[in-house]
Amino acid sequence: MVVQEARSFMRSPRIAWLSGAALVAVAVPLLQLFARPNAATEAARTSLAQDPVAPGQPEMLAGLPDFFFDVPSSSAWRALRAERTPSPRELIVERAIPMVDSTGIEGEASVDLHCSTVWPEPVRAALIDAIDRRLAVSWRDSATPPTRRQMNAWRGASWSGLQIFVVEVPGLPSCPDDLVWTVYDAARGRVAPPVVQVPHFNEDLGELVAKGLYECDLDADGRLEIGFPDLQHNGTASNDSFRRYYQVEEESLRLVEVLRYRHEEWLSVVSPGEDGSLHRVPFSSKPGELRLFVYYRNLRYGQDLLPLGEIELGRASAKEVWSVRGTSCWLPGMEGYVEL
């Protein structure tokens, strides 16, 4: 009996230790599970106030103005952000225009609940003429022209009541497709002369159209300009998202390009990890004025909204193209980034 009690006593600490280890193994994941939302919340709260974190590869950026090492201090950066960032009231609202897949100029019409999806005949006639002229140019050196005029097609409606029609035109093999688009005033039965969007190398403008166009009042005259997305991308050195704004001349119903600027510019050299980019946002301090606020952003290294400067735009008359009248750069050495 004494021997059995001694053996039982010797086993008890081992059992207690194993039991304690098992409880810890179960409790730690549970504690982590319950603590995870709080950690995520705290991270979200502090992300926007986070100071830039150096990527640890300064030799890659030698001789170049750098957003991590050339900012004087965190206090100066915060002061710059507080003083120079436009107020919400100054920002010009850019409304998205949703675009949906449609029949286009060659698709068969379908009727659902007495609503026909066929495009208006004036629209079809204008687009077919513009497409044929474009194909005659882009395929002039090809022995095998395309068998059809269109690829994808979209339609939408602007906030000002105009109907928008976009057709993707077949491009040469290994080349991106072109886009031809126009607007239609259903009340007057009039269609604007179509605009041809010719992509640059390795672009997919069709994907951008599917995500929607934009519309905003650039000069506060009560008329909305239509913003068409554009992209310049070659896979290695550039990946820039453009906005091309067209003014709708109501009397003649004509689309006139009045502004083109890089909305987002990918920076592969000065942004370690290739996650940083420049942004340009339109704003106005008074009616008739148009400026672009330029800032840098790289969330991987905790750099959110570093103001670089602003671009002042102007034009001689309401039908002219907006051009640069002046620029202001707030960080020495960054002047090359404060441009359209």
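Residues numbered from 1 in each chain as written. Predicted model: local features only at pLDDT ≥ 70, side-chain atom pairs only at ≥ 80, totals over all residues. Heavy atoms only, no water.

1. Re unusual backbone geometry
The phi dihedral of A220 is positive, around 60°, even though this residue is not glycine. Among the secondary structure elements, A220 is positioned in the loop between β10 (213-216) and β11 (225-233). Residue A220 is classed as exposed on the basis of its relative accessible area, which comes to 52%. A positive phi angle, close to 50°, is found at L253, a residue other than glycine. For L253, the position within the fold is in the loop between β12 (239-249) and β13 (254-266). (Helix = DSSP H or I, 4+ residues; strand = E, 2+ residues; numbered from the N terminus. Buried < 20%, exposed > 50% of the residue type's maximum accessible area, 1.4 Å probe, protein only.)

2. Some remarks on the nonpolar core
Grouped together as the largest cluster of nonpolar side chains are 29 residues, with contacts concentrated most on L218, Y245, L259, L290, L308, L313 and W322. Of all elements in the fold, only α2 (74-84), β13, β14 (277-283), β15 (290-298) and β16 (303-314) reach the threshold of two or more residues within this core. Here the element with the most residues in this core is β15; it accounts for 6 residues. Ignoring anything within four residues of it in the chain, the contact list for Y245 reads E94, Y214, C216, L218, E225, I226, G227, V256, E257, V258, L259 and Y261. Counting residues in each nonpolar core, the second largest holds 20 residues, with V166, L179, A192 and I226 among its members. (Core = buried A, V, L, I, M, F, W, Y, C linked by side-chain atoms within 4.5 Å. Contact = heavy atoms within 4.5 Å.)

3. Details of the confidence of the model for the chain
The share of residues in the chain with pLDDT of 70 or more is 70%, and the mean pLDDT across the chain is 77. Predicted confidence is poor over residues 40-50, with pLDDT under 50, and the contacts of this stretch with residues over four places away or in other chains come to 7 contacts. (pLDDT = per-residue confidence, 0-100.)

4. With respect to the pairing of β14
The element β14 is largely enclosed, with a buried count of 6 among its 7 residues. Two elements, β13 and β14, share 3 bridges in a ladder whose sense is antiparallel. What sits directly across from E265, in β14, is L278. Here β14 runs beside β15; their pairing, made up of 7 bridges, is antiparallel. For P282, the partnering residue across the bridge sits in β15 and is L292. (Pairing = 2+ DSSP bridges.)

5. Some details on the pattern of salt bridges
Summed over the entire model, instances satisfying the criterion amount to 17 salt bridges. Two residues, R243 and E94, come together in a salt bridge whose shortest N-O distance is 2.9 Å. Here R243 is found in strand β12, whereas its partner E94 is found in the loop between α2 and β1 (95-97), with 149 residues between them in sequence. We classify R243 as buried; its relative accessible area is 6%. Here E94 falls in the partly exposed class, since its relative accessible area comes to 23%. R244 is paired through a salt bridge with E257; the nearest N and O atoms lie 3.2 Å apart. Residue R244 is found in strand β12, and its partner E257 is found in strand β13; the two are separated by 13 residues along the sequence. A relative accessible area of 15% means that R244 is categorised as buried. Bridged by salt links that share partners, the residues D230, R244, E257 and R260 form one connected network. (Salt bridge = Lys/Arg side-chain N within 4 Å of Asp/Glu carboxyl O.)

6. Quick word on α2
Every buried residue belonging to α2 is among W77, L80 and R81, and all of these are buried. An end-on view of α2 places all buried positions within 95° of arc, on one side of the element. The exposed residues of α2 that point more than 90 degrees off its buried face are S75, A82 and E83. Looking at the buried positions of α2, the neighbouring elements they touch are β16. (Arc of directions from axis to C-beta.)

7. Describing the environment of E265
By secondary structure assignment, the location of E265 is in strand β13. A relative accessible area of 11% means that E265 is categorised as buried. As for E265 and L278, which are separated by 13 residues in sequence, their C-alpha atoms are 4.9 Å apart. Apart from residues no more than four positions distant in its own chain, E265 is found in contact with N239, D240, G276, S277, L278 and R280. Side chain to side chain, E265 and R262 meet in a polar contact 3.2 Å long. Separated by 2.9 Å, the side chains of E265 and R280 make a polar contact. (Polar contact = N/O pair within 3.5 Å; in protein donor to acceptor, adjacent residues only side chain to side chain.)

8. Some details on the sheet that holds β14
Read from one edge to the other, the open sheet built from 9 strands follows the order β1-β10-β11-β12-β13-β14-β15-β16-β17, with strand pairing classed as antiparallel. The open sheet has two free edges, formed respectively by β1 and β17 (323-329), since each of these has just one partner strand. Averaged over neighbouring strand pairs, the angle between their axes works out to 30° when direction is ignored. Pairing geometry for β11 and β12, over 8 bridges, is antiparallel. (Axes fitted to C-alpha atoms, helices over the stretch in contact; angles between N-to-C directions.)

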